[in-house]
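Breakdown of the fold
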Amino acid sequence: MITVSRGDELGEPMRRRITEVLVHGFAEDFSFFSKDPGPLADAFAHMLLLDRFHVACVDGNPAAVATLTSGTEQCFAPKWAPFRRHLGLLRGTVCYFVVRNQFMGVSEGVTDDVAEIGFVATAPEYQGRGVATVLLRHLIAVPGFRAFVLEEIKDNNTPALGLYRKLGFTEYRRRPQKHAARAGFEAYVSMRLDVE
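To start, this report covers the structure provided alongside it. Predicted, not measured: the structure shown is a model, and the values here were computed from it. (Residues numbered from 1 in each chain as written. Predicted model: local features only at pLDDT ≥ 70, side-chain atom pairs only at ≥ 80, totals over all residues. Heavy atoms only, no water.)

This part covers helix H6 (residues 131-140). Counting buried positions over the 10 residues of H6 gives 7, a clear majority of the element. Here H6 has its buried residues at Val-131, Ala-132, Thr-133, Leu-135, Leu-136, Leu-139 and Ile-140. (Buried < 20%, exposed > 50% of the residue type's maximum accessible area, 1.4 Å probe, protein only. Helix = DSSP H or I, 4+ residues; strand = E, 2+ residues; numbered from the N terminus.)

Okay, structure coming up:
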């Protein structure tokens, strides 16, 4: 059975597992800092603002995560020390700055009544089982928003783009990747779903 809860409702004992799902989903993006997801989860666990994370659990186990923010809300509160402790002085410092510069801030067009869904990730053992679909349907049913946006999806992430289209999201912006050959994808795609 799939249930969806906010991370803060699941509580601190689930923080590490929620972080592991997130890290596995974005392992490629952070492989420079560590190819081992363990140290990445150790470094990242402290910074998750659990009330912004929504978690789909299968039989009580976190299987997929996504953030939901609006206005000026953030989903991370990173601190130097855990990054350096778990990733080393140099890599930890660089990773801290990457998180601060690339994963924080408010996306263009996000307001109090337009929410951003971000950091959608499914644990490898639960992929292809409809868990992300249940999670996203739950998020787009949250009242009080006239629209939802998904920002900066890699254009080669075919499963994610297909799921978002199936749920009614449409592309509204495409930003070319400057070093496409090296990065392995051509552009970042942003999508929107109007619900009113």
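In spatial order, the strands read E1-E2-E3-E4-E5-E7-E6; together these 7 strands make up an open sheet with mixed pairing. The open sheet has two edge strands with one neighbour each: strand E1 (2-6) and strand E6 (170-176). On average, each strand axis in the sheet is tilted by 25° relative to the strand beside it, whichever way the strands run. Of the strands in this sheet, E1, strand E2 (53-58), strand E3 (61-69), strand E4 (114-122), strand E5 (147-154) and strand E7 (187-194) touch H6, which is tilted by about 35° from E3. (Pairing = 2+ DSSP bridges. Axes fitted to C-alpha atoms, helices over the stretch in contact; angles between N-to-C directions. Contact = heavy atoms within 4.5 Å.)

Scanning all chains against the criterion turns up 15 salt bridges. Here Glu-171 ties to Arg-174 by a salt bridge, and the two come within 2.8 Å at their closest N and O atoms. Looking at Arg-174, the relative accessible area reads 43%, which means it is partly exposed. Through salt bridges with shared partners, a single network forms among Arg-16, Arg-17, Glu-20, Asp-42 and Glu-125. (Salt bridge = Lys/Arg side-chain N within 4 Å of Asp/Glu carboxyl O.)

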